[in-house]
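Observations on the three-dimensional arrangement
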Amino acid sequence: VCWSEKGGWHRPRVSPYGPIQLDPAAAVLHYAQEIFEGLKAYRHADGSIHTFRPYENAARLQRSAHRMALPELPAEVFIDSLRQLIAVDGAWVPTADETSLYLRPFMFAKEAFLGVRPAKKVAYYLIASPAGAYFPGGVQPVNIWLSTDYARAGKGGTGAAKTGGNYASSLLPQAEAYEKGCQQVLFLDEGEYLEELGGMNVVLVRKDGTLLTPESDSILEGITRDSILRLAADRGHRVEQRRITIGEWREGAASGDIVGAFACGTAAVVVPIGRLLAEDFEIVHSGPEAEELALSLRDELTGIQYGRVEDRHGWMLRLDA
Ligand code: PMP
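In this numbering scheme, every chain counts its residues from 1 along its sequence in written order. Residue-level local features of this predicted model are given only where pLDDT is at least 70; pairs of side-chain atoms are given and counted only at 80 or more, and the full residue set underlies all totals for whole chains, interfaces and linings.

1. Points about the nonpolar core
For our purposes the nonpolar core covers buried Ala, Val, Leu, Ile, Met, Phe, Trp, Tyr and Cys residues that link as a set through C-beta atoms within 7 Å. Between the buried cut of 20 or more and the exposed cut of 12 or fewer other C-beta atoms within 10 Å of a residue's own C-beta lies the partly exposed class, and all C-beta atoms are placed from the backbone. One finds Ile-144, Leu-186, Val-203, Val-205, Phe-262, Ala-263 and Val-270 to be the most contacted residues of the largest nonpolar core, which totals 43 residues. For Val-203, the residues in contact, after removing those within four places along its chain, are Leu-211, Leu-212, Thr-213, Arg-225, Ala-261, Phe-262 and Cys-264. In terms of nonpolar packing, the next biggest core, distinct from the first, is built from 18 residues, Trp-3, Ile-35, Met-68 and Phe-78 among them. Contact definition: two residues whose C-beta atoms, as placed from backbone geometry, lie within 7 Å.

2. Focus on the pairing of strand E13 (residues 239-242)
Remember that side chains alternate between the two faces of the sheet whenever the strand is regular. Strand pairing follows a simple DSSP-based rule, namely that at least 2 bridges must link the two strands. Helix and strand assignments come from DSSP, with helices taken as H or I runs of at least 4 residues and strands as E runs of at least 2, each series counted from the N terminus. Pairing analysis gives four bridges linking strand E12 (residues 211-214) to E13, with the strands arranged parallel. Note on E13: the bridge partner recorded for Leu-212 is Glu-240. When the strands point away from the viewer and the connection leading from the first strand across the helix to the second strand turns clockwise, the crossover is called right-handed. Crossover connection from E12 via helix H5 (residues 223-234) to parallel E13: handedness right-handed.

3. Description of the UniProt feature "modified residue: N6-(pyridoxal phosphate)lysine" (unreviewed entry) in the protein
The positions UniProt marks with the feature "modified residue: N6-(pyridoxal phosphate)lysine" (unreviewed entry) are Lys-162. You can see Lys-162 is positioned in the loop between strand E8 (142-146) and helix H4 (164-179). UniProt positions are given in the numbering used here, feature names are shortened, and annotations may be inferred rather than shown by experiment.

4. Some words on the pairing of strand E4 (residues 39-43)
Summarising the sheet, E4 and strand E6 (residues 100-109) pair through three bridges and their orientation is antiparallel. The residue bridging Lys-40 from the neighbouring strand is Tyr-102, located in E6. Here three bridges tie E4 to strand E5 (residues 49-52), and the two strands are oriented antiparallel to one another. The partner of Arg-43 across the bridge, within E5, is Ile-49. Between the end of E4 and the start of E5, which pair antiparallel, lie five residues, with Gly-47 showing a positive phi angle near 95°.

5. Quick word on the site of the ligand
The criterion for a residue being near a molecule or strand is simple: its C-beta atom, placed using the backbone, must lie within 6 Å of it. Taken together, Gly-38, Glu-196, Gly-199, Met-200, Asn-201, Leu-220, Gly-222, Ile-223, Thr-224, Arg-225, Gly-265 and Thr-266 make up all the residues around the ligand. Ranked by residue count, the leading element in the shell around the ligand is H5, at three residues. Just so you know the grouping, Ala, Val, Leu, Ile, Met, Phe, Trp, Tyr, Cys and Pro go in nonpolar, Asp, Glu, Lys and Arg go in charged, and all remaining residues, Gly too, go in polar. Each residue belonging to the shell around the ligand can be placed in one class, and the counts come to three nonpolar, seven polar and two charged.

6. Let's talk about the domain arrangement of the protein
The assigned domain composition of the protein is domain 1 (2-131) and domain 2 (142-305). Boundaries of every domain are those given by an automatic assignment or by a domain database. For domain 1 and domain 2, the distance between their C-alpha centres works out to 27 Å. Contacts between domain 1 and domain 2 engage 18 residues on the former and 12 residues on the latter. Of all the secondary structure elements, the ones that give two or more residues to the side of domain 1 that touches domain 2 are strand E3 (34-36), E4 and helix H2 (54-67). With six residues, the single largest contributor to the side of domain 1 that touches domain 2 is H2. Along the lines of polarity and charge, the residues of the side of domain 1 that touches domain 2 split into seven nonpolar, three polar and eight charged.

7. Here we look at the confidence of the model for the protein
Taken as a whole, the protein shows an average pLDDT of 96; of its residues, 99% reach a score of 70 or greater. Predicted complex metrics record ipTM = 0.99 and pTM = 0.96. Confidence of the prediction at every residue is given by pLDDT, a number between 0 and 100.

8. Some remarks on unusual backbone geometry
One non-glycine residue, Arg-53, lies in the positive phi region at around 45°. When the 20 C-beta atoms within 10 Å are taken as the criterion, Arg-53 is described as buried. The residue Ala-69 is not glycine, and still its phi comes out positive at about 55°. Locating Ala-69 in the fold gives a position in the loop between H2 and helix H3 (75-89). Judged by the 12 C-beta atoms lying within 10 Å of it, Ala-69 is exposed.

9. Notes on the packing of H5 against helix H7 (residues 288-305)
To get an axis, fit a line to the C-alpha atoms, keeping to the stretch in contact for a helix; angles then go from 0 to 180 degrees between the N-to-C directions. Closest axis-to-axis distance for the H5/H7 pair is 10 Å, and the angle between their directions is 110°. Of the possible angle classes, the one that applies to H5 and H7 is roughly perpendicular. From H5, Ser-227, Ile-228, Leu-231 and Ala-232 reach across to H7, where they touch Leu-297, Glu-300 and Leu-301. Its residues assigned to classes, the contact of H5 with H7 comprises five nonpolar, one polar and one charged. Throughout, the term roughly parallel applies to angles under 35 degrees, roughly antiparallel to angles over 145, roughly perpendicular to angles from 65 to 115, and oblique to all others.

10. Thoughts on the packing of H2 against H3
Put simply, H2 and H3 touch, their axes get as near as 9 Å, and they point 125° apart. One way to sum up the angle between H2 and H3 is to call them oblique. Handedness of the H2/H3 crossing: right-handed. Residues Pro-54, Tyr-55, Ala-58 and Leu-61 of H2 lie in contact with H3, whose contacting residues are Ala-75, Phe-78, Ile-79 and Leu-82. Should the near helix be turned anticlockwise from the far one by less than a right angle, the crossing is left-handed, and should it be turned clockwise, the crossing is right-handed.

Listed below in structure tokens is the structure:
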């Protein structure tokens, strides 16, 4: 779908996958005026195809659009794009390795000009790709590297938007995490407050079953995190969303009050965090409680997504009918 200042959103069409032509002066190539989303489609046992909380993705895309001075895409156009894609790609069959279809909606400034101002011509696209396990080796506890040299976002910045620049700035710290033997990087705000991983939110588990997760206006509001916290609340867990310092995690882990942590996001769903490595300290979570809780919440969530568990919150939307 294209957008122009005069014509609004127009020309929705489905075309075979292939390269996009862009003018070398297209604003996105220079000023990174672009946003995206990520969600998945699941085939249920009766063959029908469903997606998970797509109106949340539509709303988040609108919030991202606002921050990046892009036009808001109406939710109906967003949902319609998912349906149209499934209408042509509906023959997709899940395999043991690739159990879902990852959907990637994205929007970018395609107007050609050199100069810093919002573009007057924009395009919205949706592509899809079968998705497998995010972490090779299955759902094993992961190690996280605490980045202290780099920040992902700051107050008033673009941290709450799903925009490429945030990911570009996380590439170097993510590479550093790999060098340290970790799979993901944890970012702090003001060198002190927990934010999120490169592509996932983080949740701490206290001994009494309370789930603790960062409140911040510069992290991406994860739809998986929101869903997991609601499932946990349904089970009677207390949920606290507030500013959390790295010191609180360290001290809580040392005293036994914080028994573990997990990361969550659309791609990886839920993964326990085994260790947090930092330049001058380390937090190790080896007890079973938090890991068992994380995996059981993961099972419940994926059960809903794949149609094996009752969708009592009305989260699923059928796309192929
Ligand atoms: N934080 C970041 C930086 C992310 O890229 C993602 C993945 N979209 C998340 C958190 C988790 O969000 P969600 O659960 O909606 O996938």
